[in-house]
Amino acid sequence: MNKPYSQACENNKHPILAILKNAFAQCSSVLEIGSGTGQHAVWFAQKLPFLKWYSSDQPQYHEGINSWIDEFGNANLQRPIAFTVGQDLFPSQRFDGVFTANTAHIMQPDEVKIMLAQIAEALPSGGVFCQYGPFTQQGVFNSQSNEDFHHKLVAQGYGGYRDIDELIQWAEPLILCGIHPMPAHNLLLQWRKN
Ligand SMILES: C[S@@+](CC[C@H](N)C(=O)[O-])C[C@H]1O[C@@H](n2cnc3c(N)ncnc32)[C@H](O)[C@@H]1O
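Residues numbered from 1 in each chain as written. Predicted model: local features only at pLDDT ≥ 70, side-chain atom pairs only at ≥ 80, totals over all residues. Heavy atoms only, no water.

### Remarks on the site of the ligand
At step 1: Near the ligand, the surroundings consist of 17 residues, among which Gly 34, Asp 57, Gln 58, Val 85 and Ala 101 are the closest.
At step 2: Note that an oxygen atom of the ligand is positioned 2.6 Å from one of the side-chain N or O atoms of Asp 57.
At step 3: Between the ligand and Gln 58, the relevant distance is 2.9 Å, taken from an oxygen atom to a side-chain nitrogen or oxygen of the residue.
At step 4: For the ligand, whose accessible area on its own is 590 Å², the fraction buried by protein is 87%.
At step 5: Looking at side-chain class alone, the shell around the ligand contains 7 nonpolar, 8 polar and 2 charged residues. (Near = heavy atom within 4 Å. Polar contact = N/O pair within 3.5 Å; in protein donor to acceptor, adjacent residues only side chain to side chain. Areas by Shrake-Rupley, 256 points an atom, 1.4 Å probe, with all protein chains shown as cover. Nonpolar A, V, L, I, M, F, W, Y, C, P; charged D, E, K, R; others polar.)

Right, here's the structure in full:
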C-alpha cells in the first residue's frame, strides 16, 4: 500500500521531539495512543533509541502504521497494538510513559475521560504522559483558526477541543507539570504521576 502521509506530522515532529527527549529521559517503555499514520512512531522510536516504543490505534489504521514500520522501523519500535479507547482494556504491557498527539479533539469527551483515567491508573509512580494537540485554556481559544476548527469538528460529530481545566480533573492523580507552547497554536501538556 502507499504509506499514509500527514504533513502536520512532518511539521510538528521536531518541536515535539525536543520536549520528549527530556520528558521521557528516565523512561524505558512508552505507549503511543492513536498513532494515526505511523510517522510519529517511526520518528520517535528512531530518535529516542533508549525507549521501547509501542504504537497503537484502532485496527483500521494498522496497515498504514505497518507500512511505515516496514520501511523505517527501528528494532525498538513495536508493531501496533489494537487499542480503541472506550472499547478495549488498556494494553497489558508495562509502560512508564504514554504519548498521544491530536486525539483529544477527535475522541468524544467520555472517551477522553476514560483515556485519562486509564493512563492515570496504568502508569507507575514517576510515570510520564505527554499529550500534544490544540486545547482551550479556561474556556478560551488561543486563535481564531482553532475556534473555527473546533466548531467544524463538533458539526461533523467529533468531540472537539477539550479544556485544560477539565483534563486536570479527569487526569487526577496525574499532575500537570508543564504546558509547552508549540508551533501552529498547539500545546504539549506534560503530566506526571507522583
Ligand atoms: C487526527 S488523528 C491523529 C493521528 C496522529 N497521532 C497524528 O498526530 O497525526 C486522530 C487519531 O485518533 C485516533 N482515535 C480516535 N478515536 C480513538 C479512540 N476511541 N481510541 C483510540 N484512538 C482513537 C484515530 O484512530 C486517529 O489515529
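From this point, the discussion proceeds with the structure in view.
### Focus: unusual backbone geometry
At step 1: In this structure, Pro 173 follows Glu 172 across a cis peptide bond, with omega equal to 15°.
At step 2: Topologically, Pro 173 is positioned in the loop between helix 6 (164–171) and strand 6 (174–182).
At step 3: Of note, the phi angle at Gln 138 is positive, near 50°, even though the residue is not glycine.
At step 4: Examined against the element boundaries, Gln 138 turns out to sit in the loop between strand 5 (128–133) and helix 5 (144–155). (Helix = DSSP H or I, 4+ residues; strand = E, 2+ residues; numbered from the N terminus.)

### Considering the side chain of Gln 131
At step 1: Along the polypeptide, Gln 131 turns up in strand 5.
At step 2: Judged by its relative accessible area of 1%, Gln 131 falls in the buried class.
At step 3: In this structure, Gln 131 is in contact with Thr 100, Ala 104, Met 115, Leu 116, Leu 167, Leu 187, Leu 188, Leu 189 and Trp 191, ignoring residues within four places of it in sequence. (Buried < 20%, exposed > 50% of the residue type's maximum accessible area, 1.4 Å probe, protein only. Contact = heavy atoms within 4.5 Å.)

### With respect to the environment of Thr 84
At step 1: As for its position among the elements, Thr 84 is in the loop between strand 3 (77–82) and strand 4 (97–101).
At step 2: Thr 84 gets classed as buried once you look at its relative accessible area, which sits at 9%.
At step 3: Along the primary structure Thr 84 and Pro 134 are separated by 50 residues, whereas in three dimensions their C-alpha atoms are 21 Å apart.
At step 4: Not counting residues up to four positions away in its chain, the partners in contact with Thr 84 are Gln 58 and Pro 59.

### Quick notes on the sheet that holds strand 5
At step 1: Taken together, 7 strands build an open sheet; the order of strands is 3-2-1-4-5-7-6 and the sheet is mixed. Edge strands, defined here as strands with exactly one partner in the open sheet, are strand 3 and strand 6. Put simply, the sheet's adjacent strands are angled 20° from each other on average, direction ignored.
At step 2: Here strand 1 (residues 29–33) runs beside strand 4; their pairing, made up of 4 bridges, is parallel. Bridge pairing links Glu 32 to Phe 99 in strand 4.
At step 3: The strands that helix 2 (residues 39–47) touches are strand 1, strand 2 (52–57), strand 3 and strand 4; relative to strand 2, the one it contacts most, it runs at about 175°. (Pairing = 2+ DSSP bridges. Axes fitted to C-alpha atoms, helices over the stretch in contact; angles between N-to-C directions.)

Coordinates in, geometry out; function isn't part of it.
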